[in-house]
Amino acid sequence: MQLDQVTVTSPPAGEFERMATRQALRVSRMIAGIALSLAVLMWCLIAWSIWSADDTARANGRVQAYNLTAAFANELSMTLDAIDAEFRTIEAGIKLMPPGTPAADARLARELRSVLPPGSQARIAGPDGRLLFSTQKPDPGSADYNSRGHFIRHRDDPAAGMLLDRPDPGKDNRIELSQRLDAADGAFGGEIMLLLPPENLIQLNREIDIGRRGMLAITGLDGIVQAGYDRDHPDGMSAVGTDLRGVPYPETLAPGRTSDYVRAGRSRGIERLVTMRRLERYPVNVLVALDLDDVLGSARSHLWLVGLVGLGATALIGVLCMLLVREVRRRTRREIELSVDRDRLALAQAQIEADRARLAETNRELLASKESADAANRAKSQFLAHMSHELRTPLHAIIGFSELIKDQSPSAPGSPPIAGYARDIWTSGRHLLDLINSILDISKVESGTATLAETVVAVADLMRSSLISVRAQAQARCIAIDVQKPDDTLKVWADRTRLQQVLINLLSNAVKFTPDNGRIVLAVGRSPRGELVLTVADSGIGMTEADIEIAMAPFGQVDNSLSRSFEGTGLGLPLAHRLVELHGGRLELKSVKGHGTTATVTLPAERIR
């Protein structure tokens, strides 16, 4: 795998870019080599696992077929031994009383019925090949066996032993077993033949499952199938007469020995694992053929499973390799970009250092300006505090003398209007004194020199005394004031003068901005958190959100035109706000233009007594 060339346009790529690209190429090749090695090693292990599973399955199949062959051969040997014993018994009886007379034939028939298996028949031929006796019903009559192969074999070979002749599927589905009969002098005395259903030779196959396409066969030494058993032919008539000779069928096999091989079946073309065993005392072979698909079923399942796992692992290795190479490319590109960014950051850092020096100088200048402003503010507050006595003393004198003149001036008709002038002087003086007091109070609050003289104050008494200051003005304009008085036991820990000043300012604003015949509500209550809530609600002109911000600022005037409709300095609400905050509470205004204003004073629950 090759790594694409990584370039940086600005600034131009340098030596670091070339070195990083070469390193990325080396790492990519190394990752690809490791991934290829892992894949090759994994597939080598998979191939070994598949071969091992196949070899194990074949070995297990050979062991199973060998055991089945030994079991079936043992059963067939015992069956043939029993038949041979019966033949010897019959031969002894024939020597004592040869067949041919009614008495001898009746006795022989009784003996044969007692020893012959069900469904079998017996025949006896003389030395001349003529049929002497038969249990077949009806009697087949005279028959000549001189041309039969088994008769010729018994006549010419005294050591031939018991011979098996395959059944004829078209005529009689019974296998023929024959044995030589010797005369008293040892000469050839004929032969005895037993026609037996093939299923009577071996019955163990009914209890042992040799597979869906497995087969059990009995063959002669010539390789011709004498009897065949499978799942569809338990009667032994499967593939009878089939010649099994040819590679790899063993031409010669010693008595008692076993051989195995793999070949396609002659009857159905199914590839089978075949185990053949020759009986020790009889010229018969027993073959067990297991379907190779059944034998290798687990191995082939293992092959598919391991193959799929191998393909998945190979795909995973490939994906991981691609991801690693892509990550190497990404990191290389990022390192090149970082190298460019480092150069830019160095320049930026130098600029920042210069800006930092200028900022430090600016901060020093701002601190100096702030200190100058604080000093000026303190000087202003001290000046206003010191001017309290100088301003209030002459104002008190003016107010006192004007009040004296107003009360003692003649008021008869035709007298000079001195009383009216004195009343105007007194009113102006009182207004100027209230303005100076408000300015001094808010200056103390903002300078932090204001303190609270706190006592236990009855809330009902506080409301009554506050109403006295605005009741006359409200009555003059026919404004109704509804008071929702609290319980006389409700008391609060507060500065009575300051708190009363707050209520008076709120009530004065409500009276001022409520039109004639309007209505004002003064109420007290408790919030869900136990706080004390004082509410002043009017039906006046109302304000917008922007107007509320202006009204809460010192000297703020909502009506700021040259011909203002309402008098005032704009200090009532800001002063009330500061005094409520000194008590740890809050003042909130809610208003809708043209629908009145509601001022709410909230004091902490711990101030309630």
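Just above, that's the structure.
In this text, all values refer to a predicted model and were calculated from it rather than measured experimentally.

A. Just the pairing of strand β2 (residues 131–134), in detail. In the sheet, strand β1 (residues 121–125) pairs with β2 via three bridges, with the strands oriented antiparallel. Counted as the bridge partner of A125 is L131 from β2.

B. Fine view of the sheet that holds β1. A sheet is described by the order of its strands in space; here five strands give the open sequence β2-β1-β5-β4-β3, paired in antiparallel fashion. The sheet is open, and its two borders are formed by β2 and β3 (163–165), each paired with just one other strand. Averaged over all pairs of adjacent strands, the angle between strand axes in this sheet comes to 25 degrees, irrespective of strand direction. Helix α2 (residues 102–115) rests against β1 and β2 of the sheet, and its axis sits at about 50 degrees to β2. Across the sheet, helix α3 (residues 149–156) lies against β1, β3, β4 (175–182) and β5 (188–196), angled at about 145 degrees from β5, the strand it touches most.

C. The arrangement of the packing of helix α7 (residues 459–476) against helix α8 (residues 496–512) in detail. Two elements in contact, α7 and α8, have axes separated by 9 Å at closest approach and are oriented at 35 degrees. You can see that α7 and α8 cross each other, and the crossing is right-handed. From α7, D461, L462, S465, S466, L467, S469, V470, Q473 and A474 reach across to α8, where they touch R496, L499, Q500, L503, I504, L507, S508 and V511. In terms of residue class, the contact of α7 with α8 is built from nine nonpolar, six polar and two charged.

D. Region of interest: the packing of aromatic side chains. Following the criterion strictly, the structure yields two aromatic pairs and no others. Centroid distance F151 to F188: 5.5 Å. Interplanar angle 75 degrees. Geometry classified as edge-to-face. You can see F151 sitting in helix α3 and its partner F188 sitting in strand β5, a full 37 residues away along the chain. Residue class for F151 comes out buried when judged on its relative accessible area of 0%. Judged by its relative accessible area of 15%, F188 falls in the buried class. A ring pair is formed by Y249 and Y261, whose centres lie 6.4 Å apart and whose planes are at 75 degrees; its orientation type is edge-to-face. Taken together, the positions of Y249 in the loop between β7 (225–229) and β8 (258–264) and Y261 in strand β8 put the pair 12 residues apart, joining distant regions of the chain. Take Y249: its relative accessible area is 5%, and that puts it in the buried class. Given a relative accessible area of 8%, Y261 falls into the buried group.

E. Layout of the pattern of salt bridges. Per the counting criterion, the structure on display carries 29 salt bridges. As a salt-bridge pair, D156 and R155 come within 3.4 Å of each other at their nearest N and O atoms. A residue is classified by how much of its surface remains accessible, and D156, at 54% relative accessible area, is exposed. Beyond isolated ion pairs, a larger network of salt bridges with shared partners links R213, D291, D293 and R300.

Rules and cut-offs
- Residues numbered from 1 in each chain as written.
- Predicted model: local features only at pLDDT ≥ 70, side-chain atom pairs only at ≥ 80, totals over all residues.
- Heavy atoms only, no water.
- Pairing = 2+ DSSP bridges.
- Helix = DSSP H or I, 4+ residues; strand = E, 2+ residues; numbered from the N terminus.
- Axes fitted to C-alpha atoms, helices over the stretch in contact; angles between N-to-C directions.
- Contact = heavy atoms within 4.5 Å.
- Left-handed = near helix turned anticlockwise from the far one by under 90°.
- Nonpolar A, V, L, I, M, F, W, Y, C, P; charged D, E, K, R; others polar.
- Phe/Tyr/Trp six-rings, centres within 6.5 Å; stacked < 30°, edge-to-face > 60°.
- Buried < 20%, exposed > 50% of the residue type's maximum accessible area, 1.4 Å probe, protein only.
- Salt bridge = Lys/Arg side-chain N within 4 Å of Asp/Glu carboxyl O.

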